[in-house]
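# Structural characterization, general
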Amino acid sequence: MYSFKKWLLFGLLIGCAKLLMAQHADSLVVREGIKSQNKITQIILKDTINSLSEGSATFFVNPDKTIALKDHAIASKYDSLWMKELYESAQSYQSMYDEVTSIDSAVIDSVSIDTEVLKQRLRALDQKTPFNISYNPSLESVIKSFLIRKRDLMERMLVASQFYFPLFEQELDNYNVPLELKYLAIVESALNPRAKSRVGATGLWQFMYSTGKMYDLDVSSYVDERSDPIKSTKAACQYLSKLYDIFGDWDLALAAYNSGPGNVNKAIRRSGGYTNYWNIRRNLPRETAGYVPAFLATMYLFEYAEEHGLKSTIVPRPYFETDTVHVKRLITFDQISKLVDVSVEELVVMNPSYKLNIIPNIPGKNYSLRLPKAEIGKFVANEEAIYAYVEKELKTQESPLPQMVKAEERIRYRVRSGDYLGRIAERYGVRVSQIKNWNGLKSNNLRIGQRLTIFPRKPYIAKTAPVKQATSLNNSNLKSHTVKEGDSLWTISKKYPGITIENLREWNGISGNNLIPGTILKLCACSS
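Each value, and the rule that gives it
- Residues numbered from 1 in each chain as written.
- Predicted model: local features only at pLDDT ≥ 70, side-chain atom pairs only at ≥ 80, totals over all residues.
- Heavy atoms only, no water.
- Helix = DSSP H or I, 4+ residues; strand = E, 2+ residues; numbered from the N terminus.
- Buried < 20%, exposed > 50% of the residue type's maximum accessible area, 1.4 Å probe, protein only.
- Contact = heavy atoms within 4.5 Å.
- Axes fitted to C-alpha atoms, helices over the stretch in contact; angles between N-to-C directions.
- Parallel < 35°, antiparallel > 145°, perpendicular 65-115°, else oblique.
- Left-handed = near helix turned anticlockwise from the far one by under 90°.
- Polar contact = N/O pair within 3.5 Å; in protein donor to acceptor, adjacent residues only side chain to side chain.
- Arc of directions from axis to C-beta.
- Phe/Tyr/Trp six-rings, centres within 6.5 Å; stacked < 30°, edge-to-face > 60°.
- Pairing = 2+ DSSP bridges.
- Salt bridge = Lys/Arg side-chain N within 4 Å of Asp/Glu carboxyl O.

A word on the overall build of the protein. Scanning the protein for helices and strands turns up 22 helices and 10 strands. Counting over 528 residues, the protein shows a buried share of 48%. Long-range contacts, defined here as pairs at least 24 residues apart, represent 68% of the contacts in the protein between residues at least 6 apart.

Let us look at the packing of helix α11 (residues 250-259) against helix α14 (residues 286-303). With their axes 9 Å apart at the nearest point, α11 and α14 run at an angle of 130° to one another. In terms of axis orientation, α11 runs oblique to α14. Every pair of crossing elements has a handedness; the one defined by α11 and α14 is right-handed. Between α11 and α14, the residues in contact are D251, L254, A255, Y257, N258 and S259 and E287, T288, Y291, V292 and F295, respectively.

Glancing now at the side chain of Q206. One can find Q206 in the loop between α8 (184-189) and α9 (209-214). In terms of polar contacts, Q206 uses its side chain to reach the backbone carbonyl oxygen of A201, at 3.4 Å.

Of the positions making up helix α12 (residues 261-270), those classed as buried are V264, A267 and I268. The arc that holds the buried residues of α12, viewed along the axis, is 100°, so those residues lie on one side. Residues R269 and R270 are exposed on α12 and point more than 90 degrees away from its buried face. Buried residues belonging to α12 abut α10 (229-247), α11 and α13 (277-280).

Before going further, it helps to examine the packing of aromatic side chains. One pass over the structure, following the stated rule, counts 20 aromatic pairs. Aromatic side chains Y164 and F168 sit 6.0 Å apart centroid to centroid with 15° between the ring planes, which places their arrangement in the stacked category. Taken together, the residues span about one helical turn, with Y164 and F168 both in helix α7 (residues 151-174) at a distance of four residues. Each member of the pair Y164 and F168 is classed as buried. Pairing Y244 with W250 gives two aromatic rings, centres 4.3 Å apart and planes at 10°, and the pair type is stacked. For W250, a relative accessible area of 7% puts it in the buried group.

Along strand β6 (residues 367-372), five of the six residues are buried, which leaves the element largely enclosed by surrounding structure. In this structure, strand β3 (residues 322-327) lies alongside β6, joined through six bridges in antiparallel fashion. Opposite H326, over in β6, you have S368 as the bridge partner.

Glancing now at the pattern of salt bridges. Enumeration according to the criterion identifies 12 salt bridges in this entry. Across the pair E303 and K128 runs a salt bridge whose closest N-O atoms are separated by 3.3 Å. Note that E303 is positioned in helix α14 and K128 in helix α5 (residues 115-128), a separation of 175 residues in sequence. When its relative accessible area of 32% is taken as the criterion, E303 is described as partly exposed. Classification of K128 as exposed rests on a relative accessible area of 52%. A salt bridge links E169 to K182, with the shortest nitrogen-to-oxygen separation between them at 2.6 Å. Of this pair, E169 sits in helix α7 while K182 sits in the loop between α7 and α8, placing them 13 residues apart in sequence. Given a relative accessible area of 28%, E169 falls into the partly exposed group. According to the relative accessible area criterion, K182 is buried, its value standing at 13%.

Any functional reading would require information that these geometric values do not contain.
Here's what the structure looks like:
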């Protein structure tokens, strides 16, 4: 009897939904009489039968008669926590890069590791992997360094890896490449798809522009496919396979991946013809000398995380619980967020190859949008209505989309009131030291009206509108923030519009991510 009532209720709900959809079909996206262009248009979901049958979604009607679905509060909280985890992991790139480049700076003695146990574990790894893994004091030093100086980083990697590793393993298996190479992305980018090195290598697998082009990774004003997790992983598999074909040894292939085959060949010659990585290591560039040990230490700590007390949590949304749809019109992340109710922050994490948070429409190119599987149906079921809404919104905008300038062009920048080198460097994707070198600056001081020569590393808006000051928060005029329990750089930056994580780091001299409750952080470039 209970089951019959349940299905009767289910049928009534579906009938009501169909009736309401029929009544509002003509005004699904843009309703007549909407006078404010900022009013958000809701999209009717057509893929909710499973949710309705389980009682997991509820209809509600807005004052303007727009139908939508309420989200689960608990599920929304899980998404929020997971996004926070991914964003904090994404800030770890520089920390990992610094560790690799200074890997032998000191032997860490404050962590106790039984050397004999370590030797046994390394022998076990050697037997089940194609890498030449054997004990040596240098590798033990790296493992100790990671355990004490990068413990938080490794624990974050244990969490973030659950998002990317299923994807990596699938592609590595497709190309018959050792699955252990998934750990290489941690060493390369700390699993940050938008990571960029000092020399311009970009993405999870840190491809230079020229190498990316060799493997068909498109780089343009709008798109950088070196940051696309799937396309860049395919390219990394192809490149690593080619390097292994050359050297016939995975350790040397890794060294060549980092410094280039030419530097590995030079090291072999300088060593007198040795071909074992550990025998040529002293002849390799400094960064490469720390590269393979960092990879082996990462592999070891992932395999023996529990034995070393490294903690992890199970993530609510791995990468394979997302799906893609080809986009047929130019559309912005802001528009997508309004229409399918996925935050812009989450869209950025799932679609990191779009530099400007805009998916372009270019003849001959196919660009995809990645969404959570639960949301992909919203987009597919209402695709034509979405494009109609986007087209109308673009036509009614006060100004067109930014006209992009090629990144390699030189520009002359005029210093404005409130400018400082850090802000200018962040805007154009360069370093403060580069701006100083290009302009012969001896200090960080600037004067209003001063002209600076800049060679941008990322596209920029040729004509910019004045930046609007945030007035929605009562505390927007505050110049400081007192760190509370549970605060992170990411959560603090979200409380104050216009302030980024890098702003907080620069203004407060912060290099890592750890914050101590009670610390007072500056919220501006002010001197006090």
